[in-house]
Amino acid sequence: MRRAPAPTVTVWRPPLLPDVQVVRVEDDARLWTGHSVQYAIGVTYAGAFDFWYRKRVWTHAPGCSLKLKEPGEVHRDMRVHAPVTAQSVAFTPRLVDEAARQLGLPATPHLSTALSRGQGRTEAVALALHAALARRSSDRLECESLLVETLEALLAEYAERTPPVPCPAHRPAAQRARDWLRECFTENVGLAALAEAVGLNRFHLLRVFRAEFGLPPHEYLTHVRVAHARELLSRGLPAGQVAVEVGLYDQSQLNRHFKRIVGLTPGQYARAVSQ
């Protein structure tokens, strides 16, 4: 009996586009949960999966529809219909903010949906950018032009320009808790102290935080720490030092969380992004 291919995760930074990172998974049936620290556009080439985002479940399958992410939000896989081959291109918030400024849009643009409509300029240029990065194009003009075209189309078609709908009760408290965790991620805060800081009791905070962001506060904090660990590892810091810098107890704790969330060990990730 023929054995199914082993899933693989590949991460690289295109040398011509320093504010871009590419992640590709092959034949992967694992369920992933991710806290975004960057904007990203994903394409699925094979397989299909359901994921939770913004309080509803979406399905991503092969085709022109793109998966869109923005910083500060959680995507959680719910079901894999068939092993997935997919690629995600992530852009630093600084890069997107600069593009928004040049296009006359507000800073830190909010994307209106998790999946693109499947037809339009964003799909055409983003798929071309994905293809160029997948073949590791060394054509500087091609890569930079496709990047600019992709950001312009994404913001023109999916950046919200109208004020958001008024927040339901207690959402501001959950958002304050999220902001605190993102800013003070190295601190060993307790749930009671966090709840008191945002004006809710512990039980209410857990309930509204999970409803708003898809994860309990402690798991959200772990994702924030791993995101910072990725950045420090890409700068060449050793894993033991990185663990301390992001507020984890030791390197073994970093290894455990990092492999679970990223799919690679810290050492494998550091080698991948340094190439």
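Look up a bit, the structure's there.
Below, the structure is looked at part by part. Every value quoted in this text rests on a predicted model; they were computed, and no experiment measured them.

Definitions and limits used
- Residues numbered from 1 in each chain as written.
- Predicted model: local features only at pLDDT ≥ 70, side-chain atom pairs only at ≥ 80, totals over all residues.
- Heavy atoms only, no water.
- Core = buried A, V, L, I, M, F, W, Y, C linked by side-chain atoms within 4.5 Å.
- Buried < 20%, exposed > 50% of the residue type's maximum accessible area, 1.4 Å probe, protein only.
- Helix = DSSP H or I, 4+ residues; strand = E, 2+ residues; numbered from the N terminus.
- Contact = heavy atoms within 4.5 Å.
- Expected span 1.5 Å × (residues − 1).
- Arc of directions from axis to C-beta.
- Polar contact = N/O pair within 3.5 Å; in protein donor to acceptor, adjacent residues only side chain to side chain.
- Phe/Tyr/Trp six-rings, centres within 6.5 Å; stacked < 30°, edge-to-face > 60°.
- Lys, Arg positive; Asp, Glu negative; His and termini not counted.
- Salt bridge = Lys/Arg side-chain N within 4 Å of Asp/Glu carboxyl O.
- Pairing = 2+ DSSP bridges.
- Axes fitted to C-alpha atoms, helices over the stretch in contact; angles between N-to-C directions.
- Parallel < 35°, antiparallel > 145°, perpendicular 65-115°, else oblique.
- Left-handed = near helix turned anticlockwise from the far one by under 90°.
- Nonpolar A, V, L, I, M, F, W, Y, C, P; charged D, E, K, R; others polar.

**Regarding the nonpolar core**
Argument step 1. Judged by nonpolar contacts, the single largest core of 47 residues is most densely connected at Leu 205, Tyr 220, Leu 254, Phe 258 and Tyr 269.
Argument step 2. The greatest single-element share of this core, amounting to seven residues, is contributed by helix α7 (residues 217-234).
Argument step 3. When near neighbours in sequence (up to four residues on either side) are disregarded, Phe 258 contacts Val 226, Ala 229, Arg 230, Leu 233, Gly 263, Leu 264, Thr 265, Pro 266 and Tyr 269.
Argument step 4. Formed by 30 residues, the second largest nonpolar core is a distinct cluster that contains Leu 66, Leu 68, Val 89 and Leu 133.

**A short note on helix α6 (residues 202-213)**
Argument step 1. Given a rise of 1.5 Å per residue, 12 residues ought to cover 16 Å, and the 16 Å separating the end C-alpha atoms of α6 matches this to within 8%.
Argument step 2. Taken residue by residue, α6 has His 204, Leu 205, Val 208, Phe 209, Glu 212 and Phe 213 as its buried positions. Projected onto a plane normal to the axis of α6, the buried residues spread over an arc of 120° and lie on a single side. Turned more than 90 degrees away from the buried face of α6, the exposed residues are Phe 203 and Arg 207.
Argument step 3. Where α6 is buried, its residues contact β4 (39-53), β7 (74-91), α4 (171-183), α5 (191-198) and α7.
Argument step 4. Capping of α6 at its N-terminal end is provided by Asn 201; its side-chain oxygen lies 3.0 Å from the backbone amide nitrogen of Phe 203.

**Some remarks on the packing of aromatic side chains**
Argument step 1. Applying the stated criterion to the full structure yields five aromatic pairs.
Argument step 2. Consider the rings of Phe 209 and Tyr 220, whose centres lie 5.6 Å apart with planes at 85°: the pair is edge-to-face. Separated by 11 residues along the polypeptide, Phe 209 in helix α6 and Tyr 220 in helix α7 bring together distant segments of the chain.
Argument step 3. Taken together, a centroid distance of 5.4 Å and an interplanar angle of 70° make the contact between Phe 258 and Tyr 269 edge-to-face. Remark: Tyr 269 occurs in helix α10 (residues 266-274) and Phe 258 occurs in helix α9 (residues 251-262); sequence separation between them is 11 residues.

**A closer look at unusual backbone geometry**
Argument step 1. One non-glycine residue, Arg 54, lies in positive phi territory at about 55°.
Argument step 2. By secondary structure assignment, the location of Arg 54 is in the loop between β4 and β5 (56-60).
Argument step 3. A residue is classified by how much of its surface remains accessible, and Arg 54, at 24% relative accessible area, is partly exposed.
Argument step 4. Residues other than glycine seldom take positive phi values, yet Thr 108 does so here, at roughly 50°.
Argument step 5. The exposure class assigned to Thr 108 is exposed, which follows from its relative accessible area of 56%.

**Section: the side chain of Asp 77**
Argument step 1. Tracing the backbone shows Asp 77 in strand β7.
Argument step 2. Despite its burial, Asp 77 remains without a salt bridge, the nearest opposite charge being carried by Lys 67 at 4.5 Å.
Argument step 3. The contacts of Asp 77, once residues within four sequence positions are left out, are Arg 30, Leu 31, Trp 32, Phe 49, Asp 50, Phe 51 and Lys 67.

**Examining the pattern of salt bridges**
Argument step 1. Considering all chains together, one arrives at 15 salt bridges under this definition.
Argument step 2. Here Arg 24 makes a salt bridge to Glu 26, at a shortest N to O gap of 2.6 Å.
Argument step 3. Ionic contacts of the salt-bridge type, sharing partners, join the residues Arg 13, Glu 231 and Arg 235 into one network.

**Quick notes on helix α1 (residues 93-102)**
Argument step 1. For α1, the set of buried residues is Leu 95, Val 96, Ala 99 and Ala 100. On an axial view of α1, the arc spanned by its buried residues comes to 135°, and they lie on one face. Residues of α1 that are exposed and angled more than 90 degrees away from the buried face: Arg 94, Arg 101 and Gln 102.

**Looking at the pairing of strand β2 (residues 20-28)**
Argument step 1. Pairing of strand β1 (residues 8-12) with β2, which is carried by five bridges, proceeds in the antiparallel orientation. By the bridge assignment, Thr 10 is partnered in β2 with Arg 24.
Argument step 2. Pairing between β2 and β7: seven bridges, direction antiparallel. Opposite Arg 24, over in β7, you have Gln 87 as the bridge partner.

**Examining the packing of helix α2 (residues 121-134) against helix α3 (residues 140-158)**
Argument step 1. Running from amino to carboxyl end, α2 crosses α3 at an angle of 150°, the nearest separation of the two axes being 8 Å. Regarding the angle of α2 to α3, the classification is roughly antiparallel. Read as a crossing pair, α2 and α3 show a hand that is left-handed. Contacts from Arg 121, Thr 122, Glu 123, Val 125, Ala 126, Ala 128, Leu 129 and Ala 132 of α2 reach α3 at Glu 142, Cys 143, Leu 146, Leu 147, Glu 149, Thr 150, Glu 152, Ala 153, Leu 154, Glu 157 and Tyr 158.
Argument step 2. Residue composition of the contact of α2 with α3, by class: 11 nonpolar, two polar and six charged.

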